[in-house]
Amino acid sequence: MERVENKRKVYNFRKLIVNIAGDIIKIVLGIILFILSIASIVYTCKLCDTDTLWEFTFYNKDNIFKYVIIIIGMIVMYKIYIVLKRNNKIIKYKSQYGKKIDIYKLLICMHCILGIGWVVCTQLTPRADQGFCSAIAANLFSETYDKADFLKGGYLNQYPFQSGIILVFKIIYSLFGINNYMAFQILNVVSVVLIDIYLMKVLKKITAVHAEKIGILFLILFFPMVFYTSFLYGNLMGCAFSTMAMYYEFEYFENHKVCNMILSTVFIGIALMIKSNYLIVLLAMLIFLGIDWIISLKKKNIIFAVIVICSYIIATSGPVKLLSIQENVYLGKGIPKIAWIAMGMQETGMAPGWYNGYNADTYLNNDCDSEKKAEEAQKYIRERMTYFAENPIYTIKFYTKKMLSQWCEPTFGGIWINQFEKNVTISRYLDSILNGGKLQKIVIEVLDVLQSFVYWLAFLYVITNRKRKNIFIWFPGTVFIGGFLFHMIWEGKGQYAFTYFLLLIPYAAIEAKMIVDYLTNKADEKYGK
């Protein structure tokens, strides 16, 4: 009897831990989404001034009346639907066309076509970090390469973590030809399709509500996905593989099959090799593995956690070791990670906490000594924290502007990154989108409304589902929390934020579908189907 009582106490304790973890996630996610929901209808940020090649952020007050007009328009449309329903004027075409056309697949194909069209019409050439990585990969094929990028003060000596994306460039160039940028860009389009498919698979794991069509429609309207197909920096590839890793971990939670464990581990490893930022996804995977272990007590979870950690070590250190061996050079520690925290606390002239050259400049000033650079960064952080503590109003303004610059700029830098050198003369329509014409204004307005709607709908989802006991539905939300908090501390930039924004779309789509179903069911109950 005592043994049974002890087991009951242990079970209740495990249940309590899971419930507390779920409550913390829901509260933090709800607070962040509420703040972003309010901020997105008050401010709209814009990146400008390409003459300097820097991303200058301008903070503009949003026009709240446009949201009022949109909501009134939706109410009017619903009233029209009611009138038509009452007078039996609603004609359903599903029986005639529904079986012939798969709208879900059609929308994904449409997204793919948009991506290919964008790549072909822009033919953007890489610059800045993507340009450096591409050039190094191309130079690896040259017998006369002096390996200056590997030597003291060189690009890879400063940023050894870029070895992964350089290897990706090298593989692509070996298969499709050196400096074949379009091959990389087409793979970005493939990544967009994979994100569409697997993010909707994640949506199905969250709910039984059929919201995939709304979700894909949101993804198509979220134009930055297409804009970033021309960007050769691994953002979309890493996002695709990390989304696949999340999906197969969802599968693992349901059946605890080894094959799902392996697939999830492999995909998160590839994502990390391409972009180390996806460490945030890996940490969320480990958190939910721990939660699943508390619930199921499966020993497989411990093995899963160990191989996930091993995949991180291999994915982040493997490319560095491989390049070092292949090129017979030593790549040191490079700029220490703490330097990015220091930079994230600085005024930059563009937006608070964005890249400003601090890391490279101070690393070179310290004779490329990682330890000395780390000490200088630690000292700066202490001084800055003291200043923040003594000036609370300034601190609030600083981090508010840093948040707005990343999360209330509706293109997430997608237009800005396409405004540079290209291999073709673009059409007047693309020129209008990229260089401040009427089409750009329309695109930004659409994205601004979509961004606000996604924040509000995701926030409403948290409110309406706060009592659900299935903690695993908050897996994508936990990754979003991690991304939001990380880039409030780390270097800020819209190109990093947009991949986390995508994880809100399943929640927004589900909530939108539930609202539509509720309203149509009300009409059906009153006036008949």
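The rules behind each value
Residues numbered from 1 in each chain as written. Predicted model: local features only at pLDDT ≥ 70, side-chain atom pairs only at ≥ 80, totals over all residues. Heavy atoms only, no water. Helix = DSSP H or I, 4+ residues; strand = E, 2+ residues; numbered from the N terminus. Areas by Shrake-Rupley, 256 points an atom, 1.4 Å probe, with all protein chains shown as cover. Lys, Arg positive; Asp, Glu negative; His and termini not counted. Charge placed at Lys NZ, Arg CZ, Asp CG, Glu CD. pLDDT = per-residue confidence, 0-100. Contact = heavy atoms within 4.5 Å. Phe/Tyr/Trp six-rings, centres within 6.5 Å; stacked < 30°, edge-to-face > 60°. Buried < 20%, exposed > 50% of the residue type's maximum accessible area, 1.4 Å probe, protein only. Lys NZ or Arg CZ within 6 Å of the ring centre and 35° of its normal. Core = buried A, V, L, I, M, F, W, Y, C linked by side-chain atoms within 4.5 Å.

Visitor: Before we go on, may I ask you to explain the overall build of the protein in this structure?
Guide: A tally of helices and strands in the protein yields 23 helices and two strands. Accessible surface, the protein as shown: approximately 25,500 Å² in total, 65% of it carbon and sulfur. A distance of 12 Å separates the average location of the 56 positive side-chain charges in the protein from that of its 38 negative side-chain charges.

Visitor: Is there a simple way to explain the confidence of the model for the protein in this structure?
Guide: Low-confidence regions, as indicated by low pLDDT, have predicted coordinates that should not be scrutinised in detail. When pLDDT is averaged along the protein, the result is 88, and 92% of the positions lie at 70 or above. Below pLDDT 50 for its whole length, residues 91–98 participates in two contacts with residues either more than four positions away or in separate chains.

Visitor: Can you help me understand the packing of aromatic side chains in this one?
Guide: Geometry of an aromatic ring pair is reported as the spacing of the ring centres plus the angle between the planes. The full count for this structure, using the stated rule, is 46 aromatic pairs. Seen in terms of ring centroids, F222 and F498 are 6.4 Å apart; in terms of plane orientation they differ by 35°. Their pairing is tilted. Placement of F222 in the loop between α9 (212–221) and α10 (224–227) and of F498 in helix α22 (residues 494–501) is noted, with a sequence separation of 276 residues between them. Both residues of the pair, F222 and F498, count as buried. One aromatic cluster is present, built from ring pairs that chain together F222, Y228, F231, Y233, F412, Y455, F498 and F501. In this arrangement the basic side chain of K201 is found over the ring face of Y198, its NZ or CZ atom lying 5.8 Å from the centre.

Visitor: Just checking my understanding: could you explain the environment of R8 for this structure?
Guide: Mapped onto the fold, R8 is located in helix α1 (residues 2–42). A relative accessible area of 43% means that R8 is categorised as partly exposed. The sequence separation of R8 and A271 amounts to 263 residues, and the corresponding C-alpha distance is 41 Å.

Visitor: Can you help me understand the nonpolar core in this one?
Guide: General note: in soluble globular proteins, nonpolar side chains tend to be found buried as a group. Residues L33, F218, F222, W407, V479, F480 and L502 are the most contacted members of the largest nonpolar core, which totals 114 residues. Not counting the four nearest positions on each side in its chain, L33 is found in contact with Y455, A458, F459, V462, F480 and L504. I136, L140, L331 and Y358 belong to the second-largest nonpolar core, a separate cluster that totals 42 residues.

Visitor: Just checking my understanding: could you explain the side chain of N277 for this structure?
Guide: Along the chain, N277 turns up in the loop between α12 (258–274) and α13 (279–296). N277 has contacts with H487, Y496 and Y500, leaving out every residue within four places of it along the chain.

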